[in-house]
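The primary structure of each chain is shown beneath.
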Amino acid sequence: MPIAENFPEGLKPLGKISDGEGHFHIMWGPGRSDAEAFSDADVKAAYEARGEEQVPLGVSGTTVAVDWDSCVADGACIEACPVQVFQWYRTEKDIPAKDVVGQTFEGTGSSVKDERKDMTDKADPIREHDCIWCMACVSVCPPQAIKVDQSNVEKHDNAAKTL
């Protein structure tokens, strides 16, 4: 199911994910357990192999928003992005996705499609602020888990004031 057209309406900011250079993006929730990642056999098997419970995560980012509950770790967005907005978050910090809020990532994770840790890894828009609005990531995402919307800058700024 595609990310909601009216994102982030109906969601609340859960916290920040920082990039180490003073930038941050917001994680929005609540997450959804009815999305693609919860029915994808490879994703479910990867969580089981790690001994991690698969839980609803929410949406990472605001102007470049990735629905982590729909993301099936395909990596097409990472490969398509000409300015490397995304990284596999687990390639920098191999922690459960439910624990990324409040973390600082230096942006040293992999931006190579085939270098994800496993299917529990998520494409994180760590460099959301560098987006050039080309929409390449949106056009290649198999579950349509990405929404790029420059007009969400104000929503990001307003949400940031509450965190």
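Whatever comes next refers back to the structure up there.
Residues numbered from 1 in each chain as written. Predicted model: local features only at pLDDT ≥ 70, side-chain atom pairs only at ≥ 80, totals over all residues. Heavy atoms only, no water.

1. So, unusual backbone geometry
Filter applied, for reference: Segments assigned H or I by DSSP are reported as helices when at least four residues long, segments assigned E as strands when at least two residues long, and all are numbered from the N terminus.
Across the junction of Phe 7 and Pro 8, the peptide omega takes the value 5°, indicating a cis bond. Position of Pro 8 among the secondary structure elements: in the segment before β1 (12-18). With an omega of 10°, the peptide bond between Gly 29 and Pro 30 qualifies as cis. Take Pro 30: it is sitting in the loop between β2 (24-29) and α1 (41-50). For Trp 133, which is not glycine, the phi dihedral falls at a positive 60°. Position of Trp 133 relative to the elements: it lies in the loop between β6 (123-124) and α3 (136-140).

2. Observations concerning the sheet that holds strand β3 (residues 59-60)
As a reminder, the rule being used: Note on pairing: DSSP must find at least two bridges between two strands before they are called paired.
Taking strand neighbours across the sheet as the criterion, the five strands line up as β1-β2-β3-β4-β7 in an open arrangement whose pairing is antiparallel. Strand pairing shows two members of the sheet lacking a second neighbour, β1 and β7 (146-148), which therefore form its edges. Bridge count for β2 against β3 is two bridges, and the pairing is antiparallel. For Trp 28, the partnering residue across the bridge sits in β3 and is Val 59.

3. Some words on the pairing of strand β4 (residues 64-67)
So the rule is basically this: Here's how the labels work: a residue is buried when its accessible area is under 20% of the maximum for its type, exposed when over 50%, partly exposed in between, all with a 1.4 Å probe on protein chains only.
Side chains of β4 alternate between two faces, with Val 64 and Val 66 and Ala 65 and Asp 67 buried alike. Sheet topology places β3 next to β4; two bridges connect them, and they run antiparallel. From the neighbouring strand, Val 59 faces β4, where its bridge partner is Asp 67. The hairpin turn running from β3 into β4, its antiparallel successor, is three residues long, and Gly 61 in that turn takes a positive phi close to 100°. Here three bridges tie β4 to β7, and the two strands are oriented antiparallel to one another.

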